[in-house]
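Results of the structural survey
If you want the building blocks of each chain, they are given just below.
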Amino acid sequence: MNDPAFSEWSARGILMSAAKDGLALFDPRASLTNVAIVDQPHPNKAKGFQACLLGEAGEKMASVGWNADKRDLALWDSRNLSNPITRVVLDRATAFLLPFYEEDTGLLFLIEKGTQTFYYEILSAEPYAFKCDTYTSKINSGSACMFPKRVCDTMKCEVARFLYCSKDQVNTTFFTVPRKFKDVFQEDIFPPTFDGVGQSMASWLNKEEPNFNYVSMKPEGVKSVYEVTKNEGGRSRRQDDLKKAGKTKDEIKQEVKADQKDSQLSSGTLEVWTQSYFWDTWVSHSVEIKKKNIYLFQAEDSATPDEVIELSVIDKVVVDGEDKQVFFIKKKDGTEVKLRAPTEAEQSSWVRAILRAQEASSLPDQAERQAKPSGGGSVVDLEEDAGGAADGRGGAGDDFSFLPKPDGYLSTLEYDYFFNSWIRSYWRVEDDLVLNHYSSESSDKPLEQINLAKVIATHATENSDDCTFQIATPKRSWVLKCDTAEEMNDWIQALEEIRRFLRSKNSDGEVVETAGTVVQHHVEVKESLFAIKKRFWVVAAGSDILCYAAKGDRVPKKCYPCKDILVFDAPITKAHNKEFNLKMKEEARPNFTCESNEQRDEYALWYKEVSVAQNALVDISSELGIDPESVETITTKKLEARIKGILDLSEVKRGTQPVFVQIMGRLRTRGKVISPSTSHMQSGGCYVLDLGSVIYEWYGAKSNRFQRNKALDIVSRIRMKERGGNAKIIRLVENKDDDDDAFWKAIGGRKAMPEAFVNGKDEDKVYVTRNLYRVYKNKINKVFSGTSLPSCKTLQSNAVFVVESEYEFWTWTGRSATSEDRKLAYLLVEKLQSRLDGWMCWARVAEGGETILFKEHFADFPGQLMITSKPEGGGGNVSVRKEQQTVDITKMLTGEARPSDHTILYDDGNGITKIWKIEGFDKIEFPKKYKGHFWSGDSYLFLYDYKVASSDKALLYFWQGRDCSINEKGTSAYLTKEASDMLQGKTESKQIRVTQANERAHFFTVFSDIFVIHLGKYEENWEFEEKARLFEVWQGTDSHTRSIEVPCESSRLHSQRAFVLYTPSKIFVWCGKARTEQEQEVAFHVAKNMEILAPSAKIITVPEGQEPEEFWEVIGGRKAYFSDTVDYRPHMKLFDFTNATGVVDVSEEHDFNQDALDQNKVMVVDTGFVVWVWFGTKCKVIEEKFALDAAIRYVEANPKLPKDTPIYQTRAWQEPLAFTSLFQSWSINKWPRGVPKNLPVLQRDGREVFKEYIRTVYTFAELTAATLPKGVDPTNKEKYLSEEEFASLFGMSKDEYEKKPSWKRETLKKQAGLY
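What you see is a predicted model; the values in this text were computed from it and never measured.

**Some remarks on the overall build of the protein**
In terms of helices and strands, the protein carries 27 helices and 66 strands. Looking at the protein as a whole, 49% of its 1315 residues are labelled buried. Taking contacts inside the protein between residues at least 6 apart in sequence as the whole, the part at least 24 apart equals 56%. Summed over all atoms, the accessible surface of the protein reaches about 63500 Å², with 50% contributed by carbon and sulfur.

**Here we look at a negative patch on the surface**
A cluster of like negative charges, contributed by Glu-1283, Glu-1284, Asp-1295, Glu-1296 and Glu-1298, occupies part of the molecular surface. Those elements that place two or more of their residues in the negative patch are helix H25 (1283–1290) and helix H26 (1294–1298). Looking at the negative patch, the element that brings in the most residues is H26, giving three residues. Here Asp-1295 is to be found in helix H26. Note on Asp-1295: relative accessible area 60%, which makes it exposed.

**Focus: the packing of aromatic side chains**
This structure, assessed with the given rule, holds 66 aromatic pairs. When the ring of Tyr-119 is compared with that of Phe-175, the centres are 5.3 Å apart and the planes differ by 70°; the resulting orientation is edge-to-face. Pair noted here: Tyr-119 is in strand S11 (residues 116–122) and Phe-175 is in strand S15 (residues 170–176), with a separation of 56 residues, a long-range link. For Phe-175, a relative accessible area of 7% puts it in the buried group. Ring geometry for Trp-810 versus Phe-854: centroids 5.7 Å apart, planes at 65°, classification edge-to-face. Of the two residues, Trp-810 sits in strand S47 (residues 808–813) while Phe-854 sits in helix H14 (residues 852–855), which places them 44 residues apart along the sequence. Residue classification places Trp-810 among the buried residues on the basis of a relative accessible area of 1%. The cationic tip of Lys-330 hangs over the ring face of Phe-328; the distance from NZ or CZ to the ring centre is 5.4 Å. Sitting over the face of the ring of Trp-273, Lys-338 holds its NZ or CZ atom 5.1 Å from the ring centroid.

**As for the pairing of strand S42 (residues 694–699)**
Where burial is concerned, most of S42 is hidden: five out of the six residues are buried. Taken together, the five bridges between strand S41 (residues 686–690) and S42 define a ladder with antiparallel strand orientation. Bridge pairing in S42 links Val-688 to Glu-697. Where the polypeptide runs from S42 across helix H10 (residues 705–722) and back to strand S43 (residues 728–733), its parallel neighbour, the crossover connection is right-handed.

**Focus on the nonpolar core**
The nonpolar side chains of a soluble globular protein tend to be buried, and buried together. Of all hydrophobic cores here, the largest spans 43 residues; its most connected members are Phe-934, Phe-942, Phe-1003 and Val-1060. Residue contacts for Phe-934: discarding those within four places in its chain leaves Tyr-940, Phe-942, Trp-959, Phe-1003, Phe-1007, Phe-1011, Val-1012, Ile-1013 and His-1014. Counting 36 residues, the second largest nonpolar core, distinct from the first, contains Val-661, Cys-686, Val-715 and Leu-795.

**So, the environment of Gln-960**
Along the chain, Gln-960 falls in strand S53 (residues 951–960). Spatially, the C-alpha atom of Gln-960 lies 7.8 Å from that of Ser-936, the residues being 24 residues apart in sequence. At 3.2 Å, the side chain of Gln-960 and the backbone oxygen of Lys-969 are in polar contact.

**Looking at the pattern of salt bridges**
With the rule as written, the count across this model stands at 49 salt bridges. Note that Asp-738 is salt-bridged to Arg-750, the shortest N-O span being 2.8 Å. Taken together, the positions of Asp-738 in the loop between S43 and helix H11 (741–746) and Arg-750 in the loop between H11 and helix H12 (760–763) put the pair twelve residues apart, joining distant regions of the chain. The exposure class assigned to Asp-738 is buried, which follows from its relative accessible area of 3%. With relative accessibility at 42%, the residue Arg-750 sits in the partly exposed group. Among the charged side chains, a salt-bridge network with shared partners connects Lys-917, Glu-919, Asp-938, Glu-968 and Lys-1017.

**Here's the deal with the sheet that holds strand S45 (residues 779–786)**
Read across the open sheet, the five strands follow the order S45-S44-S46-S47-S48; overall the sheet is mixed. Each having just a single partner strand, S45 and strand S48 (841–846) make up the two edges of the open sheet. Neighbour to neighbour, the strand axes of the sheet diverge by 20° on average, direction disregarded. The sheet contact formed by S47 and S48 spans six bridges and is parallel. Following the sheet pairing, Trp-810 is matched in S48 by Ala-843. Sheet strands in contact with helix H13 (residues 819–833) are strand S44 (770–776), S45, strand S46 (800–805), S47 and S48, and its direction is about 15° off that of S46.

**Comments concerning the sheet that holds strand S58 (residues 1058–1062)**
Within a sheet, neighbouring strands are paired by backbone hydrogen bonds and run either parallel or antiparallel to one another. Across the sheet, seven strands lie side by side as S51-S55-S57-S56-S58-S59-S60; this open sheet has mixed pairing. Each having just a single partner strand, strand S51 (933–935) and strand S60 (1098–1103) make up the two edges of the open sheet. Each neighbouring strand pair of the sheet contributes to a mean axis angle of 20°, computed without reference to strand direction. Where strand S59 (residues 1066–1071) lies against S60, six bridges are found, and the strand directions are parallel. Following the sheet pairing, Ile-1067 is matched in S60 by Ile-1099. Taken strand by strand, helix H19 (residues 1077–1093) contacts S51, strand S55 (1012–1014), strand S56 (1029–1035), strand S57 (1041–1046), S58, S59 and S60, and its axis lies near 15° from that of S58.

**A short note on H10**
The end-to-end C-alpha distance of H10 is 25 Å, a good match for the 26 Å that 18 residues give at a rise of 1.5 Å each. Along H10, the residues that are buried comprise Phe-706, Gln-707, Asn-709, Lys-710, Ala-711, Asp-713, Ile-714, Val-715, Arg-717 and Ile-718. Following H10 by one or two positions, Gly-724 has its phi on the positive side, about 65°.

**Some details on unusual backbone geometry**
We note that Lys-777 has phi near 55°; this positive angle belongs to a residue other than glycine. What makes Lys-777 partly exposed here is its relative accessible area of 36%. You will see that Glu-806, though not glycine, has its phi angle at about 55°, which is positive. With respect to the helices and strands, Glu-806 occurs in the loop between S46 and S47.

**Let's talk about the pairing of strand S65 (residues 1207–1211)**
Looking along a regular strand, one sees side chains alternate from face to face of the sheet. The sheet contact formed by strand S64 (residues 1171–1175) and S65 spans five bridges and is parallel. Within S65, the position partnered with Val-1173 by the bridge is Gln-1209. What joins S64 to S65 is helix H21 (residues 1181–1197), and the crossover it makes is right-handed. Here S65 pairs with strand S66 (residues 1244–1245) via two bridges, running antiparallel. Bridging across to S66, Tyr-1208 finds its partner in Asp-1245.

**Brief notes about the confidence of the model for the protein**
Averaged over every residue, the pLDDT of the protein is 80; the share at 70 or more is 85%. Low confidence marks residues 32–44, where pLDDT is under 50. Its contacts with residues over four positions away, or in another chain, come to 37 contacts. The model gives residues 756–762 a pLDDT under 50, and that stretch makes eleven contacts with residues more than four places away or in other chains.

**Observations regarding the side chain of Arg-1029**
Residue position: Arg-1029 is located in strand S56. On the basis of relative accessibility, which here comes to 6%, the residue Arg-1029 falls in the buried class. Within the local environment of Arg-1029, its side chain forms a polar contact with the side chain of Glu-1045, the two groups lying 3.0 Å apart. Contact partners of Arg-1029, with chain neighbours within four places excluded, come to His-1014, Trp-1022, Phe-1024, Glu-1045, Cys-1048, Val-1060, Leu-1061 and Tyr-1062.

**Concerning the side chain of Lys-331**
Looking at the element boundaries, Lys-331 is found in strand S23 (residues 326–331). Relative accessible area serves as the criterion here: at 17%, Lys-331 is assigned to the buried category. Each residue touching Lys-331, except ones within four places of it in the same chain, is listed here: Glu-307, Ile-309, Val-313, Ile-314, Asp-315 and Val-337.

**A word on the packing of H21 against helix H23 (residues 1246–1253)**
Running from amino to carboxyl end, H21 crosses H23 at an angle of 135°, the nearest separation of the two axes being 10 Å. Between H21 and H23, the angle is such that the two are oblique. Note on packing geometry: the crossing formed by H21 with H23 is left-handed. Along the contact surface, H21 presents Val-1181, Glu-1184, Lys-1185, Leu-1188, Asp-1189, Ile-1192 and Val-1195, while H23 presents Gly-1246, Arg-1247, Val-1249, Phe-1250 and Tyr-1253. A breakdown of the residues in the contact of H21 with H23 according to their chemical character gives seven nonpolar, one polar and four charged.

The rules behind the values
Residues numbered from 1 in each chain as written. Predicted model: local features only at pLDDT ≥ 70, side-chain atom pairs only at ≥ 80, totals over all residues. Heavy atoms only, no water. Helix = DSSP H or I, 4+ residues; strand = E, 2+ residues; numbered from the N terminus. Buried < 20%, exposed > 50% of the residue type's maximum accessible area, 1.4 Å probe, protein only. Contact = heavy atoms within 4.5 Å. Areas by Shrake-Rupley, 256 points an atom, 1.4 Å probe, with all protein chains shown as cover. Patch = residues over 30% accessible without salt bridge, like charges linked within 9 Å, V, L, I, M, F, W, Y side chains within 5 Å. Salt bridge = Lys/Arg side-chain N within 4 Å of Asp/Glu carboxyl O. Lys, Arg positive; Asp, Glu negative; His and termini not counted. Charge placed at Lys NZ, Arg CZ, Asp CG, Glu CD. Phe/Tyr/Trp six-rings, centres within 6.5 Å; stacked < 30°, edge-to-face > 60°. Lys NZ or Arg CZ within 6 Å of the ring centre and 35° of its normal. Pairing = 2+ DSSP bridges. Right-handed = clockwise from strand over helix to strand, strands pointing away. Core = buried A, V, L, I, M, F, W, Y, C linked by side-chain atoms within 4.5 Å. Polar contact = N/O pair within 3.5 Å; in protein donor to acceptor, adjacent residues only side chain to side chain. Axes fitted to C-alpha atoms, helices over the stretch in contact; angles between N-to-C directions. Expected span 1.5 Å × (residues − 1). pLDDT = per-residue confidence, 0-100. Parallel < 35°, antiparallel > 145°, perpendicular 65-115°, else oblique. Left-handed = near helix turned anticlockwise from the far one by under 90°. Nonpolar A, V, L, I, M, F, W, Y, C, P; charged D, E, K, R; others polar.

Encoded structure:
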């Protein structure tokens, strides 16, 4: 080979060399001379010939080059270089290409000595090389190199990183795979990668097989894509493995269905050969394979097993040679269990399931696969074709680490003939979700085992005040007592979460929910027509009715599952009926007589909730005549073409497809899309016509105010939310100013229309039935049907929903919905439309992109105007939407309680605390000697471990300083979530965000020894610097005392506080005249702590007014400071005013600090002696007006304030000293950039300022000035003119002006210069 241009070593020590005349492979170990083991001339004699190995084995190679007419890529088999495996023509360019192969993902990158980079996916079957894309760089690269895979950022889905070199610079380029969920580890594209340590020279010379090490790229604390649900971005490991093996989509479906069939058979009915004293026989048992055990239950609804077989003690599973339905489980101790399946096929499935479970149980939890996967793994985010794993968690198998597993000592109620007793013992939920009952925590052998899959309800008993709860199964129940109500609630919540998960797992992801309703009373029950009535304690919980002989009995005498109830008959013919009857599937007709009709109604309501939920799980595909399998052969475009009246929302925005909305009703005001035609209009309604850039609202002459408010709400939200505020709104009123040609032309021309309803109440009798369908996993369920509105909470991200409302159809697609479900939903719309005639419309929306008109079909989408009113005769007709006159100041006068989560004390604060400081995007351990010291420029993470009874619990506090960066704030929250995930299954944890100056009561308890906040950031090996530091000690309105460093200036002193002034030689404790004893005590405590950290400094007490000159010299000389000795703190309150909801409202702000001053709001501060009204820079005029008015009325109505209490108004960045002194450690660093630091101080009389907002008449000059007066509506300036000046400008009176059409009024305003 002449002049090799490119060489590369394979992982097995073979040298590949490429030159313009061909390819060659060398094994230098064969002899002293480099003997070619393969040498093949390149058939085309390509120029710029380069090559690379595809994988560590070196069996395949890729080459690139160009000849006279093309540049191509060729793949070669090293065992036969006579012809390439495939050849791909790239283009007709002549620039050099450098090939790089990324083995983990099977990507081949071809980097041009220019600007282009081609990348292909190398496959094991045709087409062998699949082009992914072409990347064009902004610079001309002359060369490039690829980083090792282990440096890639996996959380950004970065699969390759390159250095591109040009003449004068080096650039880093990243290649990423698009994935929706970036918070999970994408293990399918990041298998364990080579650690970079090669084979030793001695091993290579001896031709030993290399033994390379591979390291996991999974970040610590991050869940794998195989460990989360499909809704959270989970994938099926089984399906990915099948794809890598080259299986087709159909083959993958068949394999997965076979797996699911075996998985379903791992729980079912088998016969067990049972030997007794008198005879041996087959006894039917319900069998379940769990994570570590096989459970044999006497009946399907039994919760306690007859026998438990540990998978670890099974030696082998043997099939009977004669009876093909029989097999044996042989244990290592020589014993065996003989079982018989119903059929031979089921016997085979059971054997496979047991062997698979035994193999899985021998593997460590969450183990990383150490074997290096072969190349060619798909990096295209293919849609899942056959569903996830059987457990619905993306292939996580039977790993239940995400579920809570409570444990602790509980007291069990034991019944005896003479008396009952409480027996204390240890209860624990095992890894396989079985609740075991031990005599003590150290016991290995459980006294009892409860299969939580058989539990039908976990609920508090009737007397929940004694901290007791009940676990109920169809065969038995347990009453357990906790030490505290909190512990009881934790147990109930954890067990219910496990129960719901197990039920959804066993019902293909669907589960009946009953909103936690539990009904329990003494009831007389008559089991049949001729039976005698007996008194039972009847509990309706979960989806079953249980009848106990006495309250607290363990074993129910009778169980009535809701699924077996055909009719729940609660007759209402009698005035005080207390009875209800059940008609069961097995023809039983029990009769129940309650003690009151109210109790009877409770049972009826419970049944209604359960039956509605159960009906929502019925697949109605066959009822509608739809075959879900048929969607596999139909494309989405063909389905769309078959649906009538497609409403393209993008065309609507462009104005090429009009939308016509009718607003009808009085007590039940509603909007619906109708055909854009005059024939559907009437004088008793309002209508909205959306033409994209123009939106019309047409008011019928006999329409009511509720309809008009609803129409205004719809057009306003469409304009702001869907048009970005750019659409023009035109209002037309029938027979007044509705001569708009564009409006009538869009709806087919003006024609005669029917009269309005005679009585407004009749409008509400025209009920619209809405049906809501869910399409999920190739099933169709009707989840809602009625004349009311469903809740938007019904919508689920993993499904597609169809709304049917008369002739209006909507399809809503969740983020995680599959393409099969989407096509099935389209097929459903086609089927529903086939039952109707005439005009109809269909529109599609996606989760997060819901339109205003779609939200009209739901009751509780945020931002909707719910128009309601009282019926006539019931207190008048009052619309919710009316002009606001004042703010209710009741909240200001009565006060609001501080949120309970701010005052709760979890324990005495003596638990174990671990502290980390956030450094960049990671955390580092914080020195223990600085516990209680914080820096305002940092964020910290605290893990606080404590115990409640015998349960381990943890609090994860993340404290964010006032001056810390946004990145560190985000990192602190992310790392806290990561730490919480790591604690799951081990310790119950709670995440709590704490910001500087808003610390909670328990947080102070943990740091009761010392609590000091320094300015700036903590640096490693920090010590007190050789400079003065000033710390302000203040007892806030929350009664907690904080020590915070402030700029070392005398102007920061405050007579109502204590200060600590640190110098390298002395520590001054300055005591203001009005400081509290608590502040003085804390100041000395802080000084003593500083004395420990800086032993050379001595403490000196300095009362206010007796300061030595040395003190003033340290803090820059004497300057004015706040010296008022009146203590405001016992009286101070902070209120905020905002109209974020459309109505100005007031609320009390309990965190009294500078950060509470919101620039978007108006704040009112009551000091007990002065009331301040503070305007944020972004607050609205209406907020300013209402806040000033509320402050004036608050002073007049507050008995604690004199009527002449001063009210001052100030503005952000212009606060006087009297205002800033109300807040601890006031900082000008909170000012945004660009705001001058020398703005004039603003302090005005609030009563005088308010007069400016209530003026009603202004001159023309004032209305045309550059800055409008306060309170003037800029869209209606003409209303503020006096009658004389108005007539002079417009040549008419105000009454004559109002009678003009709206377009004419707009023209007149423009002519007068008031537009």
